[in-house]
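# Notes for the structure review
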Amino acid sequence: MFARLELLYNWGMIQKTRLFTPGPTPLLPAAQFAMAAADIHHRTPEFRAIFLRVLAQLKEFIGTKNDVLILTSSGTGAMEASVSNLTSPGDRVLVISAGKFGERWAGLAKAFGCEVDLVSAPNGETFSLDAVKAALKLETRAVFMQATESSTGARHCVGGVAKLLKEANSEALLVVDAITGLGTTHIDVDKLGIDVLIGGSQKAFMIPPGLAFMAVSQRAWDRMESTYNPRYYFDLRKERKNAKDGQSSYTPAVALIAALGASFDYIAKQAATPENPAGDLAAGRKKLIENAETCAAMTRAAVAALGMELFSPTCPASATTAVIPPNGVDSSVIVKELKARFGSIIANGQGEMKGKIFRIAHLGFFDYLDTIAIIGALEQVIAKSFPSPGFAFGNGLIAAQKLFAERSPTAAEDNCCCARKAAAEAK
Ligand SMILES: *Cc1c(COP(=O)(O)O)cnc(C)c1O
């Protein structure tokens, strides 16, 4: 009986599985082909050429003069490497936390014997810069934060923290988990003086999980001269030495590195011009960010028109949109229905947010059509499972369509929620 009902739901439709999760994200076909063809040994001139090229592309994509590293691990490996390489037991560090990934920083710092000062904000909010200022001590050795907190859909003000550290003439290194920030948020690493910026392959890079990225400043390298927390696999100085030669310390995820190269070529090409048909990675990055911003803004407009609220309304990130379902509905039902009826995988809330929110991602290989499609499917799920008196098909789609039609790219300066907040308060 039940199976028959499900059949009736999607009368005459096949299912295509699509990821709308904030990591892993949909894969770029060209990257998948590159992976399949990457049958090469890592201690050969062939691999060395690929690795050096991809490292150079990564540097351009991040937009930094600092050294960049590629580690074979998920993103958390690079988070751990930042703590183990930049701190010594007993170091006082400041962790800024407003969600699951912020908590991860605190856990890591404690695991390596640091004395952790915590500035936290409730899930769905961002911290106040005054609280950060008050918590910063003379002896603070490092500050750890997220650019975007994927568990809540919030954006944090990296620029504000960077400025604060500069004004205080602080010796603290600024370490930013930009794992979902890269490719969704404008972050000028060198101008802000970010000491370590971290990325992960399964986010906006359009390739599978398994690589972590780091951009490391001279100040951070200098710090490593004297820190003595234990490290072995993630010894960044060793990795840097090897990377200069196109080598990695241990066997790298060769296929993923080949995939990454293909993905960078694609991103660069998005900014191709007749004079430069291969495009440009810095311009391609900008386009990728604007793409995520547009998908996110369409989604926000649609959920509002469907009578739902954002979980992080004051500081929504472009990486992922976290939504509170209508009147007390368990978000697990929406997650399940989208998968069962439309093959669309969205994310539930993590930890204590499970059942309370659902998250739709925009980072990486998503476009206008994907965004319209998930909004359409969401309308179907709401219509079937929680019809409210005011519901009408198309309300979400109309709002998204209008937003798209009227949208102009935002300036980089508007990309910070503190700036937006300040501007709103000044009005
Ligand atoms: C995905 C993610 C991570 C890393 O998680 P891994 O599972 O180790 O790749 C860290 N921080 C943020 C903000 C993330 O979104």
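Heads up: the structure comes first, above all this text.
The paragraphs below set out a description of the structure included in this document.

Analysis parameters
- The residue numbers shown here count from 1 along each chain, following its written sequence.
- Where totals are concerned, whole chains, interfaces and linings use all residues; where local detail is concerned, this predicted model gives features only for residues with pLDDT of at least 70, and gives and counts side-chain atom pairs only at 80 or more.
- The side-chain values count all of the structure's non-hydrogen atoms but skip hydrogen atoms and water molecules.
- Comment: elements are numbered from the N terminus, with helices defined as DSSP H or I runs of at least four residues and strands as E runs of at least two.
- What makes two residues a contact is simply this: any of their non-hydrogen atoms within 4.5 Å.
- Remark: nonpolar core denotes a set of buried residues (Ala, Val, Leu, Ile, Met, Phe, Trp, Tyr, Cys) joined through side-chain atoms within 4.5 Å.
- The buried label applies to any residue whose accessible area, calculated with a 1.4 Å probe on protein chains only, is under 20% of its type's maximum; exposed applies above 50%, and partly exposed to all values in between.
- Throughout the structure description, domain borders are defined by an automatic or database domain assignment.
- One fewer than the residue count of a helix, multiplied by 1.5 Å, yields its expected span.
- As used here, the arc belongs to the directions running from the helix axis to the C-beta atoms.
- Between N-to-C directions, angles cover 0 to 180 degrees, with each direction set by a line fitted to C-alpha atoms, over the stretch in contact for helices.
- Reported orientations rely on four angle classes, namely roughly parallel under 35 degrees, roughly antiparallel over 145, roughly perpendicular from 65 to 115, and oblique for the rest.
- Should the near helix be turned anticlockwise from the far one by less than a right angle, the crossing is termed left-handed; should it be turned clockwise, right-handed.
- Under the scheme applied, nonpolar residues are Ala, Val, Leu, Ile, Met, Phe, Trp, Tyr, Cys and Pro; charged residues are Asp, Glu, Lys and Arg; polar residues are all the others, including Gly.
- DSSP bridges decide pairing: two strands pair if at least two such bridges lie between them.
- Salt bridges are counted wherever a side-chain nitrogen of Lys or Arg sits within 4 Å of a carboxyl oxygen of Asp or Glu.

### Some words on the environment of A34
Mapped onto the secondary structure, A34 falls in helix α2 (residues 29–36). For the pair A34 and L260, spaced 226 residues apart in sequence, the C-alpha to C-alpha distance is 8.7 Å. Leave out the neighbours within four places in its chain, and A34 touches A258, A259 and A262.

### Regarding the nonpolar core
Counting residues in hydrophobic clusters, the biggest one holds 119 residues, and the most contacted among them are I70 and L197. Two domains share this core, each providing at least three of its residues, namely domain 1 (2–26 + 283–426) and domain 2 (29–264). When near neighbours in sequence (up to four residues on either side) are disregarded, I70 contacts F51, V54, L55, L58, L211, A212, F213, I257 and L260.

### Quick notes on helix α15 (residues 395–406)
Think of an α-helix as 3.6 residues a turn; residues three or four steps apart then line up on the same face. Taking 1.5 Å of rise per residue, twelve residues should cover 16 Å, and α15 covers 17 Å from first to last C-alpha, within 8% of that figure. Restricting attention to buried positions, one finds in α15 the residues G396, A399 and A400. Buried residues in α15, looked at end-on, bunch into an arc of 95°, giving them a common side. Facing away from the buried side of α15 by more than 90 degrees, the exposed set consists of K402, A405 and E406. Its buried side turned inward, α15 meets α12 (281–305) and α14 (368–385).

### Structural notes on the packing of helix α4 (residues 75–86) against helix α5 (residues 100–111)
At a minimum axis separation of 10 Å, α4 and α5 run at an interaxial angle of 40°. As far as their axial angle goes, α5 and α4 are oblique. Considering how the two elements wind past one another, α4 and α5 form a crossing that is right-handed. For the pair α4 and α5, the contacting residues are T76, M79, E80, S82 and V83 in the first and F101, R104, W105, L108 and A109 in the second. Classifying every residue of the contact of α4 with α5 by side-chain character gives six nonpolar, two polar and two charged.

### What about the sheet that holds strand β12 (residues 320–324)?
Spatial strand order, β11-β12-β15-β14: four strands in an open sheet with antiparallel pairing. Each edge of the open sheet carries a strand with a single partner, namely β11 (309–310) and β14 (347–348). Taken together, the four bridges between β12 and strand β15 (residues 358–361) define a ladder with antiparallel strand orientation. Paired with T321 across the bridge in β15 is I360. Lying over the sheet, α12 contacts β11, β12 and β15, oriented at roughly 10° with respect to β12.

### A closer look at the packing of helix α11 (residues 254–269) against α12
Contact pair α11 / α12: the axes reach a minimum separation of 7 Å and the direction vectors enclose 80°. Accordingly, the angle class assigned to the pair α11 and α12 is roughly perpendicular. Contacts from F264, I267 and A268 of α11 reach α12 at L281, G284, R285 and L288. Of the residues belonging to the contact of α11 with α12, the class tally is five nonpolar, one polar and one charged.

### Here's the deal with the environment of A111
Along the polypeptide, A111 turns up in helix α5. Owing to a relative accessible area of 61%, A111 belongs among the exposed residues under this scheme. Along the sequence, A111 and V83 sit 28 residues apart, while their C-alpha atoms lie 9.3 Å from each other.

### Comments concerning the pattern of salt bridges
Pairing between side chains becomes possible if they bear opposite charge and their charged atoms approach one another. One pass over the structure, following the stated rule, counts twelve salt bridges. The shortest N-O distance in the salt bridge between E171 and R141 comes to 3.7 Å. One end of the pair, E171, is in the loop between α7 (158–167) and β8 (173–177); the other, R141, is in strand β5 (residues 140–146), and 30 residues separate them in sequence. Owing to a relative accessible area of 54%, E171 belongs among the exposed residues under this scheme. On the accessibility criterion, R141 (24% relative accessible area) is partly exposed. Among the charged side chains, a salt-bridge network with shared partners connects D67, R240 and K244.

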